[in-house]
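Okay, here's what each chain looks like letter by letter:
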There are 2 protein chains.
Amino acid sequence: MFEFQVTSREPGGQARCGLLTTPHGTVRTPAFMPVGTRAAVKGAWPGQVRDSGADILLGNTYHLAQRPGAEVIAELGGLHRFMGWNGPILTDSGGYQVFSLAALREISDDGVTFRSHIDGQWIPLTPESATAIQNRLGADIIMALDECPPGQADHDTAAVAVRRTVEWARRCRQAHSRTDQAMFGIVQGGIYADLRLECAARLQELGFPGYAVGGLSVGEPHETMVEVLRTVVPALPPDRPRYLMGVGMPRDILEAVRAGVDMFDCVLPTRNARNAYAFTPAGGLRLRNEKYRRDPDPLEPGCPCPTCRGFSRAYIRHLFTVGEMLGPMLLTVHNLWFFQRFMARLRDLIPTGSWATMLAEFPAAGAAGACRDPTGGNLA
Amino acid sequence: MFEFQVTSREPGGQARCGLLTTPHGTVRTPAFMPVGTRAAVKGAWPGQVRDSGADILLGNTYHLAQRPGAEVIAELGGLHRFMGWNGPILTDSGGYQVFSLAALREISDDGVTFRSHIDGQWIPLTPESATAIQNRLGADIIMALDECPPGQADHDTAAVAVRRTVEWARRCRQAHSRTDQAMFGIVQGGIYADLRLECAARLQELGFPGYAVGGLSVGEPHETMVEVLRTVVPALPPDRPRYLMGVGMPRDILEAVRAGVDMFDCVLPTRNARNAYAFTPAGGLRLRNEKYRRDPDPLEPGCPCPTCRGFSRAYIRHLFTVGEMLGPMLLTVHNLWFFQRFMARLRDLIPTGSWATMLAEFPAAGAAGACRDPTGGNLA
């Protein structure tokens, strides 16, 4: 029911293309997964997400378990049917959100107790419950519960998290009951090569159909992230998909692909769209800018997306100026297309290793600081 | 370039079907125009509006003249191109909004000076400027500037408004310069039959390619509105389209069609969608209601719209509960389809006069108080 086939490789390098078969369809890798946190990709219909070229979505267990609840989703036929997306879905374990969004009461070897940011209730989350919730949601790929220490964690803290992550992965694997869901293990270890390698080795002893790298893109410099990937990815089994969680910017994705990563997810295309930021190969456009007031060009001349085929920068600026929800809707679709076009071009070029072509076509993916978060950085 | 052809009539009644030809396409009447106040139908892509069956949209001159400005829209190729809608468009004159949204400084025979609700500037609006702005926007159908007295205006106040409306209509007609735009006159006169008939007669002396009925659906009882229509519509030329402005609820539309009205516009499908209200033939659904939490049915079983084909009430309720913008987006599309299906069925049945069939299929259109505004009323 699950199969991962590497279909081509970068000559003399680590990048590879593949096909990941799931019960709901095949994912072309390297793949970018748009994020549908609360069973919806914000601002886009499922058909529009599909049309952008996305093969697979991500849903967030933490949010879905609270509202509407895993039981409700299960009763309504599972997450695919609930949200009207019949392609592959991956759910995370909820761990990252517990550690980043919720107030923690207690973290122990048994699990973690957190206070919901919705209703203030204290909720226990254990490897067993995280797995059971994901079993109910019914995604094609589910994630083992991991401990996510802060990005600046010292070696001792990171070591404790690795130990616990491995033990929780073992319990998750044991608790996992559905054969139509593949469970991935998550490699933690912060920025410490020894811990990353230890975690990767221990997880492989357990044996997972895929491996994720967690705890990156949490504030460390781009170069540090790349260095960690170059250490840990070669230590993962070459015949299993590798998923870099929560990444990211085109530049990060490009380097991660070159390090051998196959899967990504990030809220950037959708979140930035709602902040009036359009991704383009040369960098970002902030559509609230007065300079676009009379600009008849599409966001990105030549872009085949429905937004660029139908609307001008001036129109989109107008929509944001007056607060029309169609503004975020149009930018969301463009940004989704942008990320999928970026991935498609990567897949085209991996067999040739033509990174110079990639950077010529997407110069922002090679520029430090270009195309960063709209709250700061160096934009076009 | 403009032609109105009555293609069928209700046996022994006033209702009729027609085809209104404009430079951007043909409108099947009776027609419902979704409202794109600020050059966007809130929550829907133009293609989705088209797919719902809408032939023609309405844009609001008052809003567009302020942001982004008629000059900007003209420079960008006119309203059709600006908003990505290549079908027919009608713009109002801005008069209604001046009288309802803005602070008025002065109203005289020359025109009106109002304070913008956007930036507080005092702006003069005259028949000539209202026409010039609409000429720049470039809609297929434009409206003469009228004076809109309050709904409860007494006979004297309404009489002054009629006199001014007729004089302004004359000046608008004179100022109108584009041959690819048809200008409609607006019949005022409040609830007073003598004034309505006088206004209709005076406007016909000027001669317009179409006539609107303004100043209804402003708080008067349904029966009063119908009574006014039964008085004024027969006094309008049968070979010209008749447009009832700002209406409305299915029940109001049904009775207006029976009185011989051809065109309608209203924000209800889109505004109610954003308030979690779905129109159905039997009445409205308030999707925030707890009772839909586990409801696997579509909004309206059998409805062919993309929302009903893809999503359950439970899912839509979830989207509103968590504040996902996809909730309003899905309801907007359903409500747009509902109104177009309602109009299409009216057009089907007019040649037969089978109003009993219409009411059997859309029972809410016959029930007083059913399907009212979501802020109150008797809902399913």
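Since this is a predicted model, take the numbers as computed values, not measurements.

Basis of the calculations
Residues numbered from 1 in each chain as written. Chains lettered and ligands numbered in written order. Predicted model: local features only at pLDDT ≥ 70, side-chain atom pairs only at ≥ 80, totals over all residues. Helix = DSSP H or I, 4+ residues; strand = E, 2+ residues; numbered from the N terminus. Rg over C-alpha atoms; globule rule 2.2 N^0.38 Å. Buried ≥ 20, exposed ≤ 12 C-beta atoms within 10 Å, placed from the backbone. Contact = placed C-beta atoms within 7 Å. Nonpolar A, V, L, I, M, F, W, Y, C, P; charged D, E, K, R; others polar. Pairing = 2+ DSSP bridges. Axes fitted to C-alpha atoms, helices over the stretch in contact; angles between N-to-C directions. Core = buried A, V, L, I, M, F, W, Y, C linked by C-beta atoms within 7 Å. Domains from an automatic or database assignment. Least-squares fit on C-alpha atoms with pLDDT ≥ 70 in both. Expected span 1.5 Å × (residues − 1). Parallel < 35°, antiparallel > 145°, perpendicular 65-115°, else oblique. Left-handed = near helix turned anticlockwise from the far one by under 90°.

1. Points about the overall build of chain A
Here comes step 1: Per the secondary structure count, chain A includes 15 helices and 16 strands.
Here comes step 2: Here the C-alpha radius of gyration of chain A, 20 Å, is about what a compact globule of 380 residues would show, namely 21 Å.
Here comes step 3: Taking the principal axes of the C-alpha coordinates as reference, chain A spans close to 60 × 50 × 40 Å.
Here comes step 4: Buried residues in chain A amount to 57% of all 380 residues.
Here comes step 5: Long-range pairs, those at least 24 residues apart, make up 67% of the contacts in chain A with a sequence separation of at least 6.

2. A few points about unusual backbone geometry
Here comes step 1: The peptide bond linking V247 of chain A to G248 of chain A adopts the cis configuration, its omega dihedral lying at -10°.
Here comes step 2: A cis amide bond links T29 of chain B with the next residue in sequence, P30 of chain B, at an omega value of -5°.
Here comes step 3: You will see that A39 of chain B, though not glycine, has its phi angle at about 70°, which is positive.
Here comes step 4: Checked against the element boundaries, A39 of chain B lands in the loop between β4 (31–34) and α1 (46–51).

3. Brief notes about the interface of chain A and chain B
Here comes step 1: Taken together, the contacts link 29 residues of chain A with 29 residues of chain B.
Here comes step 2: Sorting the residues of the side of chain A that touches chain B by element identifies α3 (70–75), α4 (79–83) and α13 (313–322) of chain A as the ones contributing at least two each.
Here comes step 3: Counting residues per element, the side of chain A that touches chain B draws most heavily on α13 of chain A, at six residues.
Here comes step 4: Looking at the side of chain A that touches chain B residue by residue, the classes come out as 16 nonpolar, six polar and seven charged.

4. Section: the sheet that holds strand β3 (residues 25–29) of chain B
Sheets are built from strands paired through backbone hydrogen bonds, the pairs being either parallel or antiparallel.
All names here are of chain B.
Here comes step 1: Across the sheet, three strands lie side by side as β1-β2-β3; this open sheet has antiparallel pairing. Of all the strands in the sheet, just β1 (3–9) and β3 have a single pairing partner and so form its edges. On average, each strand axis in the sheet is tilted by 15° relative to the strand beside it, whichever way the strands run.
Here comes step 2: Sheet topology places strand β2 (residues 16–22) next to β3; five bridges connect them, and they run antiparallel.

5. Points about the sheet that holds strand β6 (residues 89–91) of chain A
Residues and elements named next belong to chain A.
Here comes step 1: Here eight strands make up an open sheet; going across it, the order is β4-β14-β13-β12-β11-β10-β6-β5 and the pairing parallel. Only two strands of the sheet have a single partner each, and these edge strands are β4 (31–34) and β5 (57–59). Each strand of the sheet is rotated relative to its neighbour by a mean of 25°, with strand direction disregarded.
Here comes step 2: Judged from the three bridges that link them, β5 and β6 form a sheet pairing that is parallel. Counterpart to L58 in the pairing with β6 is L90.

6. Overview of the nonpolar core
Here comes step 1: The biggest cluster of nonpolar side chains holds 254 residues, and the ones touching the most others in it are M33 and F184 of chain A together with M33 and F184 of chain B.
Here comes step 2: When we break this core down by domain, the ones giving at least three residues each are domain 1 (3–266) and domain 2 (277–366) of chain B.
Here comes step 3: Ignoring sequence-local partners within four residues, the contact set of F184 of chain B consists of I141, M143, A144, F208, G210, Y211, A212 and Y243 of chain B.

7. Digging into the relation of the copies chain A and chain B
Here comes step 1: By a simple turn and slide, chain A fits onto chain B: the slide is 0.0 Å along the axis, the RMSD is 0.0 Å, and the turn is 180°. The relationship between the two copies is best expressed as a two-fold rotation axis. Taking the C-alpha atom as reference, chain A places M325 of chain A closest to the rotation axis, 4.1 Å from it.
Here comes step 2: Both copies share a contact surface, since 97% of the interface residues of chain A are interface residues in chain B too.

8. Some words on the pairing of strand β1 (residues 3–9) of chain A
Residues and elements named next belong to chain A.
Here comes step 1: As paired elements, β1 and strand β2 (residues 16–22) share six bridges and run antiparallel to each other. Bridging from a neighbouring strand, R9 pairs with R16 of β2.
Here comes step 2: Between the antiparallel neighbours β1 and β2 lie six residues, among them G12 with a positive phi of about 70°.

9. Here we look at helix α7 (residues 155–175) of chain A
All names here are of chain A.
Here comes step 1: Compared with the 30 Å implied by 1.5 Å per residue over 21 residues, the 30 Å span of α7 between its first and last C-alpha is a close match.
Here comes step 2: Listed as buried for α7 are A158, A159, A161, V162, R164, T165, V166, W168, A169 and C172.
Here comes step 3: Looking at the buried positions of α7, the neighbouring elements they touch are α6 (127–137), β11 (182–187) and α8 (193–206).

10. A word on the environment of S108 of chain A
Here comes step 1: Along the chain, the position of S108 of chain A falls in the loop between β7 (103–107) and β8 (112–115).
Here comes step 2: In the structure, S108 of chain A is positioned 26 residues away from Q134 of chain A in sequence and 21 Å away in space, judged by C-alpha atoms.

11. Quick word on the pairing of strand β7 (residues 103–107) of chain B
Residue and element names in this part refer to chain B.
Here comes step 1: The buried count for β7 comes to zero of five residues, which makes it a mostly uncovered element.
Here comes step 2: Where β7 and strand β8 (residues 112–115) come together, four bridges link them in antiparallel fashion. Counterpart to E106 in the pairing with β8 is T113.
Here comes step 3: The loop that links β7 with its antiparallel partner β8 comprises four residues.

12. Some thoughts on the packing of helix α8 (residues 193–206) of chain B against helix α9 (residues 222–232) of chain B
Residue and element names in this part refer to chain B.
Here comes step 1: The interhelical angle for the contact between α8 and α9, taken along N-to-C directions, is 40°, at an axis separation of 9 Å. Accordingly, the angle class assigned to the pair α8 and α9 is oblique. As for how α8 packs across α9, the hand of that crossing is right-handed. Contact residues: A193, R196, L197 and A200 in α8; V228, T231 and V232 in α9.

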